[in-house]
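Here is what each chain is made of, one letter per residue.
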Amino acid sequence: MNLLVIGSGGREHALCWKLKQSNLCEKLYCIPGNAGISAEAECFNINISDFRALIDFTEAKSIDLTVAGPETPLADGIVDYFQLRGKKIFGPSEAAARIESDKAFAKQLMLDTDIPSAGFEIHECYESAGASPLLHKFPVVIKASGLAAGKGVIIAKNRIEAEETISDMFIAKKFGSAGSKVVIEEFLRGEEFSLFALTDGTDYILFPPSQDHKRLGDKDTGPNTGGMGAYAPAPIADSVMLKKCEDRIIKPLLVEMKKRDTPYQGLLYCGLIEVKGEPYVLEFNCRFGDPETQCVLPLVKADLVRMFLSSLEEGGIKRFLNEHLQESLFYDGKYAVCVVAASGGYPEKYEKGFSITGLDREYTDTVIFHAGTACKGVNIVTAGGRVLGVTGIGDSFIKALDNAYHALSQIEFEGIYYRNDIGWRALRR
Ligand code: AMP
Ligand code: GLY
């Protein structure tokens, strides 16, 4: 098969790396890709929101399966667009992707189906939001309902911050139309984790649970980022917890989506928090998480192309599982830790174009995934905030951690910054 991956981050590099291991993969393309991806896939610079141009590309290159990495094309209906034109594409329809692109929709859905999540209100104007009874207890969580590139969630510590946020959203329109509807939520205190389910709309396969590190600084201090590192499997999600997540969250969600005639096919990302031993949903996403994917996919033993194909048709996951009854789909007893190396100044202002050294050394049980990198002559240079995701793999969590940090100590670029404590919760356990 000829495969096309859409996107340019560490998640897409991990997808390319894993898809390429399939014996079904004849030729791999990526749009637009990055310097690391170009070693795995032939990269082309096409605007990923120009669906017509993407279809033309799939025709020119005889693409058999397209995988869209980021949420924006999925929320904009790339899957419907491709399917209408007879093209195979992995991911949810525009209607199903609303679980991420419309937080108000997702919260209402959870309420209707008794999926545990924080108490909330939905507001469509400044006056009603400002009068919300939820603004009497702090901290309180205020979210722009639409897509806001991970920046639309504000945790307000007091009334002044809450009012400022509501004004930013409705009056200053800081998040554009994404902020025309606002979700105000009770603040939940607990440990977060991420759980991915691959689904054909009815059955599903759980990936090993993982844990992201969203804050910039060690010990979870400083501003929120796109994610500074992740590891899997995350011990917080033991078999008892996973069973609760399946029964109370994943199964009811899939049943409800099917009942509404918008079955959820593709990758379902559950952003969860454990409160007093119980799982609550913080968010659903309609795609793989980043950086979590960079530590989850190295633990996949099965053929990812076949897994993705099985999600495209009703009954596909069941068939896939029946064909693999004797095999484990994931490497048992293996651990993976991904540490993100970022540009100095990220997530605020940072410079680009610095040469990266140490990438071509041999590192045992380590995969270096590229995010913001570009080729400049013979050099690979920084080209984004999150530059690399260095994933160590091992038979123990400590070994995986050591492998990642050992490789990182050999990699350099001006202003390199990474957290030194990725996995601290797992270590504490
Ligand atoms: P979201 O994009 O909705 O997951 O929110 C991003 C981050 O904000 C989450 O990963 C949490 O760290 C935090 N967050 C969101 N909702 C809540 C909540 N109800 N209580 C506490 N923290 C939250
Ligand atoms: N790791 C957070 C996300 O992918 O949304």
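Preceding this section is the structure that the text describes.
1. Details of the packing of aromatic side chains
Any aromatic ring pair is given by two values, namely how distant the centres are and how the planes are angled relative to each other.
Right, so step 1: One pass over the structure, following the stated rule, counts 14 aromatic pairs.
Right, so step 2: Cluster of aromatic residues (ring-pair linked, three or more members): Phe90, Phe196, Phe207, Tyr269, Phe288, Phe308 and Phe330.
Right, so step 3: For arginine 85, the ring lying beneath its charged end belongs to tyrosine 81, and the centroid distance is 3.6 Å.

2. Quick notes on the sheet that holds strand 4 (residues 65-68)
Paired through their backbone hydrogen bonds, the strands of a sheet run either parallel or antiparallel.
Right, so step 1: Overall, parallel pairing links the five strands, which are arranged 3-2-1-4-5 in an open sheet. Single-partner strands in this sheet number two, and they are strand 3 (42-43) and strand 5 (89-90).
Right, so step 2: Relative to strand 4, strand 1 (residues 2-7) is paired through four bridges, and the arrangement is parallel. When the bridges of strand 4 are listed, valine 5 appears paired with valine 67.
Right, so step 3: The strands touched by helix 1 (residues 10-19) within the sheet are strand 1, strand 2 (27-32) and strand 4, with strand 1 carrying the most contacts at an inclination of about 165°.

3. What to know about helix 9 (residues 239-259)
Right, so step 1: In this model, helix 9 (21 residues) spans 28 Å end to end at C-alpha, consistent with the 30 Å of a helix rising 1.5 Å per residue.
Right, so step 2: Most pronounced at glutamate 246, the bend in helix 9 amounts to some 40°.
Right, so step 3: Listed as buried for helix 9 are Met241, Leu242, Lys244, Cys245, Ile249, Ile250, Pro252, Leu253, Leu254, Glu256 and Met257.
Right, so step 4: Tucked into the core, helix 9 has its buried residues touching helix 5 (94-101), helix 6 (103-112), strand 10 (191-199), strand 11 (204-206), strand 16 (266-275) and strand 17 (278-285).

4. What about the packing of helix 5 against helix 6?
Right, so step 1: Remark: helix 5 packs on helix 6, axes separated minimally by 6 Å, with the N-to-C direction vectors making an angle of 95°. In terms of axis orientation, helix 5 runs roughly perpendicular to helix 6. Only Lys103, Phe105, Ala106 and Leu109 of helix 6 make contact with helix 5, whose side of the interface consists of Arg98, Ile99, Glu100 and Ser101.
Right, so step 2: Tallied by class, the residues present in the contact of helix 5 with helix 6 amount to four nonpolar, one polar and three charged.

5. Looking at the side chain of serine 310
Right, so step 1: Tracing the sequence through the fold places serine 310 in helix 11 (residues 304-310).
Right, so step 2: For serine 310, a relative accessible area of 7% gives the class buried.
Right, so step 3: Not counting residues within four places of it along the chain, the set of residues in contact with serine 310 comprises Leu198, Asp200, Gly316, Ile317 and Phe320.

6. Things to note about the layout of surface pockets
Right, so step 1: Size it by volume and the second largest pocket reaches roughly 210 Å³.
Right, so step 2: Surrounding the second largest pocket, Leu134, Lys137, Phe138, Pro139, Val140, Glu186, Phe187, Leu188 and Arg189 form its lining.

7. What about the site of ligand 2?
Right, so step 1: Taken together, the neighbourhood of ligand 2 is formed by Asp212, Lys214, Tyr269, Asn285, Arg287, Gly289, Asp290 and Glu292.
Right, so step 2: Contact between ligand 2 and aspartate 212: a nitrogen atom at 2.8 Å from a side-chain N or O atom of the residue.
Right, so step 3: Aspartate 290 places a polar main-chain atom, nitrogen or oxygen, 2.8 Å from a nitrogen atom of ligand 2.
Right, so step 4: Within the complex, the protein chains bury 88% of what would otherwise be the 200 Å² of accessible surface of ligand 2.
Right, so step 5: Broken down by class, the residue content of the shell around ligand 2 amounts to one nonpolar, two polar and five charged.

8. Quick notes on the pairing of strand 15 (residues 229-232)
Where a strand is regular, its side chains alternate between the two sheet faces.
Right, so step 1: Burial along strand 15 is two-sided: Gly229 and Tyr231 and Ala230 and Ala232, pointing in opposite directions, are all buried.
Right, so step 2: Pairing analysis gives two bridges linking strand 12 (residues 211-212) to strand 15, with the strands arranged antiparallel. Among the inter-strand pairings, aspartate 212 is bridged to a residue of strand 15, identified as alanine 230.
Right, so step 3: Strand direction decides the pairing type here: strand 15 and strand 18 (residues 335-342), joined by four bridges, are antiparallel. By the bridge assignment, alanine 230 is partnered in strand 18 with cysteine 338.

9. Considering the pairing of strand 10
Right, so step 1: Counting buried positions over the nine residues of strand 10 gives eight, a clear majority of the element.
Right, so step 2: Across nine bridges, strand 10 lies against strand 16 in antiparallel orientation. Across the sheet, residue leucine 198 finds its bridge partner in strand 16, namely leucine 267.
Right, so step 3: Relative to strand 11, strand 10 runs antiparallel, the two being bridged by three bridges. Bridging across to strand 11, leucine 198 finds its partner in isoleucine 205.
Right, so step 4: Between strand 10 and strand 11, which pair antiparallel and follow one another directly, the connecting turn spans four residues, one of which, glycine 201, has a positive phi of 110°.

Definitions and limits used
- Residues numbered from 1 in each chain as written.
- Chains lettered and ligands numbered in written order.
- Predicted model: local features only at pLDDT ≥ 70, side-chain atom pairs only at ≥ 80, totals over all residues.
- Heavy atoms only, no water.
- Phe/Tyr/Trp six-rings, centres within 6.5 Å; stacked < 30°, edge-to-face > 60°.
- Lys NZ or Arg CZ within 6 Å of the ring centre and 35° of its normal.
- Pairing = 2+ DSSP bridges.
- Helix = DSSP H or I, 4+ residues; strand = E, 2+ residues; numbered from the N terminus.
- Contact = heavy atoms within 4.5 Å.
- Axes fitted to C-alpha atoms, helices over the stretch in contact; angles between N-to-C directions.
- Expected span 1.5 Å × (residues − 1).
- Bend = angle between axes of the 7 residues up to and from the residue.
- Buried < 20%, exposed > 50% of the residue type's maximum accessible area, 1.4 Å probe, protein only.
- Parallel < 35°, antiparallel > 145°, perpendicular 65-115°, else oblique.
- Nonpolar A, V, L, I, M, F, W, Y, C, P; charged D, E, K, R; others polar.
- 1 Å grid on protein atoms, 1.4 Å probe; cavity = no way out; pocket = protein on both sides within 12 Å on 5 of 7 lines; lining within 4 Å.
- Points joined across faces, edges and corners; volume = space filled by probe spheres on them.
- Near = heavy atom within 4 Å.
- Polar contact = N/O pair within 3.5 Å; in protein donor to acceptor, adjacent residues only side chain to side chain.
- Areas by Shrake-Rupley, 256 points an atom, 1.4 Å probe, with all protein chains shown as cover.

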